[in-house]
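Survey of secondary and tertiary structure
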Amino acid sequence: MPCSGASASASRCFTWNNSQQRRSAAKGQLMFDVLVIGAGHAGCEAAAAAARFGARTALLSFRSQDAGQMSCNPSIGGVGKGHLVRELDVFDGLMARAADAAAIHRRMLNRSKGPAVWGPRVQADRVHYRAAIERLLGELPVERIQGEAIALLMEGNRVTGVDLADGSRLLSRTVVIATGTFLDARIFIGEESQASGRSGEQASIRLAHQVRELGLAARRLKTGTPPRLDGRTIDWARLEEQPSDAEAWLFSTHPQPERGLPQLRCAITRTTNATHDIIRAAEGRSPLYSGVIEGRGPRYCPSIEDKVRRFGDRDGHQIFLEPEGLGDALVYPNGISTSMPRDIQTSFVRSIPGLERAEIARPGYAVEYEHVDPRRLGSDLQLRDLAGLYLAGQINGTTGYEEAAAQGLVAGLNAARSAAGQGPTLFDRRSSYIGVMIDDLTLQGVTEPYRMMTARAEYRLLLRADNAVSRLGEQALASNAVSAERATAIRAHLESRSDPAFAASEEGQADALYAPYVERQQREWDAVDRSRCVLIPSDLDYRLLPGLSAEMAERLDAARPETLDQASRIPGITPAALTALYVGTLRAAA
Amino acid sequence: MTSDTIYALSSGALPAAIAIVRLSGLRAEAAAERLAGPLPEPRQASLRRLRAADGSVIDEALLLRFAAPTTATGEPLIEFHLHGGRAVVARLLAELSAMDGLREASPGEFTRRALINGRLDLTQAEGLADLLGAETEWQRRAAMESAGGNLRRLVEEWRKQLVQLSAEAEAAIDYVGDEDETAIDLAGLWERSAELVRLWRGCLAQPPAELLEQGVRIVLAGPPNSGKSSLFNALVGSERAIVTPIAGTTRDLIKARLDLDGMPVTLVDTAGLHDSSDEVERIGISRAEQALAEADILLWLGDPDDAPNLASRLLVHARADQRGPAPAGSIATSVLAKGGLDELRSRLGQQVRNLLPPVDRASLNRRQRQALGEAADILSLTPGDDLLLMAEALRQALASLDRLTGRQSTEEVLDALFGRFCLGK
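Residue numbers run consecutively from 1 along every chain, following the written order of its sequence. By the order in which they are written, chains take letters starting at A while ligands take numbers starting at 1. Local features are withheld for residues below a pLDDT of 70 in this predicted model, meaning they are given only at 70 or higher, and side-chain atom pairs are given and counted only at 80 or more; totals for whole chains, interfaces and linings count all residues. Computation of side-chain values covers all heavy atoms of the structure but excludes hydrogens and water.

Comments concerning the overall build of chain A
Segments assigned H or I by DSSP are reported as helices when at least four residues long, segments assigned E as strands when at least two residues long, and all are numbered from the N terminus. Counting its regular elements, chain A contains 17 helices and 20 strands. Here's how the labels work: a residue is buried when its accessible area is under 20% of the maximum for its type, exposed when over 50%, partly exposed in between, all with a 1.4 Å probe on protein chains only. Considering chain A as a whole, with its 590 residues, one finds that 60% of them fall into the buried category. We call two residues in contact when some of their heavy atoms are within 4.5 Å. Looking at chain A alone, contacts between residues at least 24 apart form 75% of all its contacts between residues at least 6 apart.

Points about empty space enclosed by the protein
Residues and elements named next belong to chain A. Lining residues are those with an atom within 4 Å of a point, where the points come from a 1 Å grid over the protein atoms alone and group into cavities, where a 1.4 Å probe fits but cannot get out, or pockets, open sets with protein on both sides within 12 Å along at least five of seven lines. Grid points are joined across faces, edges and corners, and a volume is the space filled by probe spheres set on the points. In the structure shown here, the tally under the stated rule is 5 cavities of 30 Å³ or more. Around the second largest cavity, the lining is made up of 11 residues, and of these His105, Arg107, Arg121, Gln123 and Gln242 lie nearest the centre. Only β4 (103-109), β5 (119-124) and β16 (318-325) provide two or more residues apiece to the lining of the second largest cavity.

A few points about helix α4 (residues 95-102) of chain A
Burial within α4(A) is extensive, with 8 of its 8 residues counted as buried. Within α4(A), burial applies to Met95(A), Ala96(A), Arg97(A), Ala98(A), Ala99(A), Asp100(A), Ala101(A) and Ala102(A).

Quick look at the sheet that holds strand β10 (residues 186-189) of chain A
Residue and element names in this part refer to chain A. At least two bridges found by DSSP between two strands is the condition for calling them paired. Across the sheet, which stays open at both edges, the 4 strands sit in the order β11-β10-β19-β12 with antiparallel pairing between neighbours. The strands lining the two open edges of the sheet, one partner per strand, are β11 (192-195) and β12 (217-225). Neighbour-to-neighbour, the strand axes of the sheet open up by a mean angle of 20°, direction not taken into account. The pairing of β10 with β11 spans 4 bridges and is antiparallel. Within β11, the position partnered with Phe188 by the bridge is Ser193. For helices, the fitted line uses only the C-alpha atoms of the stretch in contact; every axis is such a line through C-alpha atoms, and the angle between N-to-C directions lies from 0 to 180 degrees.

Some points on the pattern of salt bridges
A side-chain nitrogen of Lys or Arg and a carboxyl oxygen of Asp or Glu constitute a salt bridge if their distance falls within 4 Å. Within the structure shown, the criterion is met by 58 salt bridges over all chains. For Glu359(A), the salt bridge goes to Arg350(A), with nearest N and O atoms at 3.2 Å. With a closest N to O distance of 2.8 Å, Arg198(B) and Glu195(B) form a salt bridge. Highlighted residues: Arg198(B) and Glu195(B), both in helix α7 (residues 186-204), separated by 3 residues, approximately one helical turn. Owing to a relative accessible area of 46%, Arg198(B) belongs among the partly exposed residues under this scheme. Salt bridges here are not isolated pairs; linked through shared partners, they connect Arg464(A), Asp466(A), Arg497(A), Glu507(A) and Asp511(A).

Quick word on the environment of Val236(B)
All names here are of chain B. Note that Val236 resides in helix α9 (residues 228-236). Here the alpha-carbon distance between Val236 and Thr266, two residues 30 residues apart in the chain, equals 10.0 Å. Excluding residues within four positions of it along the chain, Val236 makes contact with Ala256, Leu258 and Leu267.

Points about the packing of aromatic side chains
Ring geometry is summarised as follows: Phe, Tyr and Trp rings, the Trp one being its six-membered ring, pair when their centres sit within 6.5 Å, and such pairs are stacked at plane angles under 30 degrees, edge-to-face over 60 and tilted between the two. Under the defined criterion, the tally for this structure stands at 3 aromatic pairs over all chains. Centre to centre, the rings of Trp249(A) and Phe251(A) are 5.6 Å apart; their planes meet at 90°, and the pair counts as edge-to-face. Judged by its relative accessible area of 6%, Trp249(A) falls in the buried class. Look at Phe251(A) and you get buried, because its relative accessible area is 0%. A ring has a charge above it when a Lys NZ or an Arg CZ is no more than 6 Å from the ring centre and no more than 35 degrees off the ring normal. The cationic tip of Arg456(A) hangs over the ring face of Tyr450(A); the distance from NZ or CZ to the ring centre is 3.9 Å. When the ring centre of Phe110(B) is taken as reference, the NZ or CZ atom of Arg22(B) above it lies at 4.7 Å.

Considerations on unusual backbone geometry
Omega for the bond connecting Ala68(B) with Pro69(B) falls within 30 degrees of zero, at 0°, which places this linkage in the cis form. By the element assignment, Pro69(B) lies in the loop between β4 (57-66) and β5 (77-83). Not every positive phi belongs to a glycine, and Leu381(A) is a case in point at roughly 70°. Looking at Leu381(A), the relative accessible area reads 0%, which means it is buried.

Focus: the confidence of the model for chain B
Residues and elements named next belong to chain B. The predicted model of chain B has a mean per-residue pLDDT of 82, with 85% of residues at 70 or higher. Across residues 409-413, where pLDDT falls below 50, the model places 15 contacts with residues more than four positions away in sequence or in other chains. Known as pLDDT, the predictor's confidence for each residue is given on a scale from 0 to 100. pLDDT under 50 marks residues 420-425. Its contacts with residues more than four places away, or in other chains, come to 30 contacts. Both confidence scores are given for the complex: pTM 0.74, ipTM 0.78.

Looking at the packing of α9(B) against helix α12 (residues 341-355) of chain B
Residue and element names in this part refer to chain B. In the contact formed by α9 and α12, the axes pass within 11 Å of each other and the chain directions differ by 75°. Here α12 runs roughly perpendicular to α9, going by the angle between their axes. Of the residues in α12, those in contact with Leu231, Ala234 and Leu235 of α9 are Leu341, Leu344 and Arg345. Looking at side-chain class alone, the contact of α9 with α12 contains 5 nonpolar, no polar and 1 charged residues. Every angle not falling under 35 degrees, over 145, or within 65 to 115 is termed oblique; those three ranges are roughly parallel, roughly antiparallel and roughly perpendicular. In the scheme used here, Gly and all other residues not listed as nonpolar or charged are polar, with Ala, Val, Leu, Ile, Met, Phe, Trp, Tyr, Cys and Pro taken as nonpolar and Asp, Glu, Lys and Arg as charged.

Right under this line is the structure:
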């Protein structure tokens, strides 16, 4: 296997020399610090973060064109999601810059509702987005390997590499699995269903089987997409236009801004009573209702058949018609994801104003997949029971590119740090949405596809999309995984905060707006801090804890909270159980 | 924490007919054996001679042994039923304190151990604290009601409404952009939260639960020699206050706890109010004025025109047998002729009943009032035109309610709870 020309900067020499030594120790066989399986949004960010840290990094993907693929809606950001992208950007992540490079429509959501919940969101040209990710990845010493992992290699309680389908073997100190929905995914279109995806199915199944043997598989979830329309068959003139924001704001604060693309217009239409009648009449043919799909879908962003069933009294549901690219006639009708049969999709689409003559280029479908229980992971996204194995992205039960990418950063950065013998970089829910997500996932697990929302952040007034650098800059610098020019930009921003002119900036004004409320909330947080300090011994046997029901013991055991504060956020934990836990920890401490 | 074996006098104030000293912990049985010789079977009372380390006899006592874990604390438990003299009990406690690994229990520690060992849950412990403190029928009923959860039900109902409001606000913030924009009626949301605040303010305006615990303070006041102490004694039913015809006999405050128709009251006799040159009497008068300021109900025995203007007061025309008919609005009483006392008691009873929190309605203690007051303040201080700040306020109010019920800040709630137990419980 060829060795990529890793150009190590002075500060990274130590790690690089280390990996050279390891390589020779393995008798000529290549030894990576971080091996990332899967080049989706999580995988790319994981590999990029590891490489920025200076780890010897490989990115394994089935096809080389997987990197930066937007498999679902062609947009990046949103409320909560946009916050994640901005935070990822502080750590020099790829997503923000790629989104800036590929944006063909910008909207700052929630403009009317206060800066803390403004949600930057762009429509991105698929082709340009992928090209940007490829370009940014190419600037980093990431070794790209095409192939398919079929089995994890393990020595005792530690992962040591993977075997590939072609018979070769990759050794690595750490492995990040970022394979998306690969665990037994099935695609549904009406009565048709098929195992998802790629050829070489056997191999995937073997890896999936191994993951199951580790006891990681949790439950089935479902997600869906709308049919893709041919934009040339849409009657745009009849539709309400949604222009791009006049101000060309950017996701990234990188000192070299991406060159933008021309901005397009989106349009808005609505379903009608006729649409709903067609869907109702065909309900029996939807796999969602015939019992074929068992997986749980999200309560938010439901399929159109779910909306019709659950909000039957509404006379219409909004649809955003989003172009997929500058050179692409495909249009993504956001709001009507469906798994209805093709003929039903065609007839209900044509009952929508402006879409009377619309051609469906690709039918919508539902994907049902298995995810792992993220409660088995530590805050660094490393499996608690198997050292060196990290999981990131949709496999952990999340939905969305942004959620996946942010996990990729956490897993890749920490895999690299662990390979270099350094302590983890952990994210706190008091200072970032990334911290909120990791804490939620590893503590509460998921019962439906996990999507970021501002409601999940109790420190919401502080966690704004506009102050990500102020919140995370110090931590990003300390992580040793940002470029020199990024580090300079972060330092400059942190210094600018003490400049009198800062008060007039957007960020400074938002700080001032929320200061009195934040001060009032501080008292509440202080109370939380006190219970945060009550540590729960990691070896506490909940079943032996007096006064704790078997059900509560099971919930606590699955989540393994580290503090009383964490325990209080585990779903279904009763006040009485907390009391028993509290006195139990006191006794254990005595 | 549970490594120590603890002991304490678990029965009431000494001297008494019987005093019960309890021992709980792993060394309880060994300690009892050193004092009493071989122990009886569990749960069988046995008369034993307790001997000190020097061989002298402390007392002839009934000894009871309870085997873990089915004891009140979940640990090995011993009870000594002693003769209730101060010296007897002091001697036994001194003997116990000299033994290795034994120490005097801190207040509430027996109950805390019961909780730790799963013999009680928090709500039971809270109910127990109230029941132990109950002196009158009114208090007992209120404790039972509160243990039955009427406050919890009320808070749950408020919580449900808050959660609904909060969910609507959160939906309007988070569900935008890729599906139906959630329209929200901000003014309607604000009005509904204001309605909740009105409910809470109403609840806060009710008498605090502490009044039930401490009893309603009824203060007798008036000029010297107006018959306050005689009336005090008559109401208490014993000669607690010295009564002489000499003006200024009562110098200090004299207090007595009374059960008035099942309701807890504290009756306070005070020095007669006048300009005095006697220094001791002046101190007494200043104390009387202080007591007046803290009175829940005033019994005024002086000239109706001089009566302090208190919301709850009764004008009493004492010594009516000597002074003639009462002015309008005053209750005529005569201790000697036993006249008017029943009427006074019944009028007092009415006033006390109005002041006490109703037994069948949830009353809030200080901690609970603080949490609910916080929730009300947060919501009423929030500008009604900013959805995000509304949403934040709703979340904070929810957190305050959770503090009220103990869903949050478990530690704080537990500390507050155990602080209410006295030694030996």
